[in-house]
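Here's the letter readout for the chains.
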Amino acid sequence: MSTLQTRLFKLGRSLSNLEEFNSVGESNLATSIRDEEGTLAMYSTHLPDDPSMCYVFEVCASEGAYQVHASSAQFKAYVDMAADNLT
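Here the structure is a predicted model, which is why all the values come from computation and not from measurement.

Enquirer: Any chance you could break down the overall build of the protein chain for me, citing the residues and the numbers?
Expert: Counting its secondary structure elements, the protein chain contains 3 helices and 3 strands. When the elements of the protein chain are put in sequence order from the N terminus, they spell out β-α-β-β-α-α. By its C-alpha atoms, the protein chain is 45 × 25 × 20 Å across when sized along the principal axes. Expressed as a percentage of its 87 residues, the buried residues of the protein chain come to 39%. Per element, the accessible surface of the protein chain, about 5,400 Å² overall, is 55% carbon and sulfur. A distance of 4 Å separates the average location of the 5 positive side-chain charges in the protein chain from that of its 12 negative side-chain charges.

Pasting the structure below:
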């Protein structure tokens, strides 16, 4: 039996590169939902009065499904971009 994996991230992000951050993040979420069978849900949002804080919620069918996601090209692109844009 697989155990459902959920993760919630609170990310502080630089506002100087917000458009790229959002674009790469959207690509990661959309591609993961479309192409990864075990990625069940992914959401990202921020509070209206504080766009510097980003919240990401992920649901994967199992730890193995999360590892597939974490090894994906779109996730690696997000991590690479985020490394230079997180505060």
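Enquirer: Outline the nonpolar core, listing residues and values.
Expert: Among the nonpolar cores identified, the biggest contains 8 residues, and these are L11, F21, V24, C54, V56, Y78, M81 and A82. Looking at this core, the elements that each hand over two or more residues are α1 (18-35), β3 (50-60) and α3 (73-83). For this core, the element with the most residues is α3, which contributes 3 residues. Sequence-distant contacts of F21, that is, excluding residues within four places in its chain, are made with L11, R13, C54, Y78, M81, A82, N85 and L86.

About the cut-offs
- Residues numbered from 1 in each chain as written.
- Predicted model: local features only at pLDDT ≥ 70, side-chain atom pairs only at ≥ 80, totals over all residues.
- Heavy atoms only, no water.
- Helix = DSSP H or I, 4+ residues; strand = E, 2+ residues; numbered from the N terminus.
- Buried < 20%, exposed > 50% of the residue type's maximum accessible area, 1.4 Å probe, protein only.
- Areas by Shrake-Rupley, 256 points an atom, 1.4 Å probe, with all protein chains shown as cover.
- Lys, Arg positive; Asp, Glu negative; His and termini not counted.
- Charge placed at Lys NZ, Arg CZ, Asp CG, Glu CD.
- Core = buried A, V, L, I, M, F, W, Y, C linked by side-chain atoms within 4.5 Å.
- Contact = heavy atoms within 4.5 Å.

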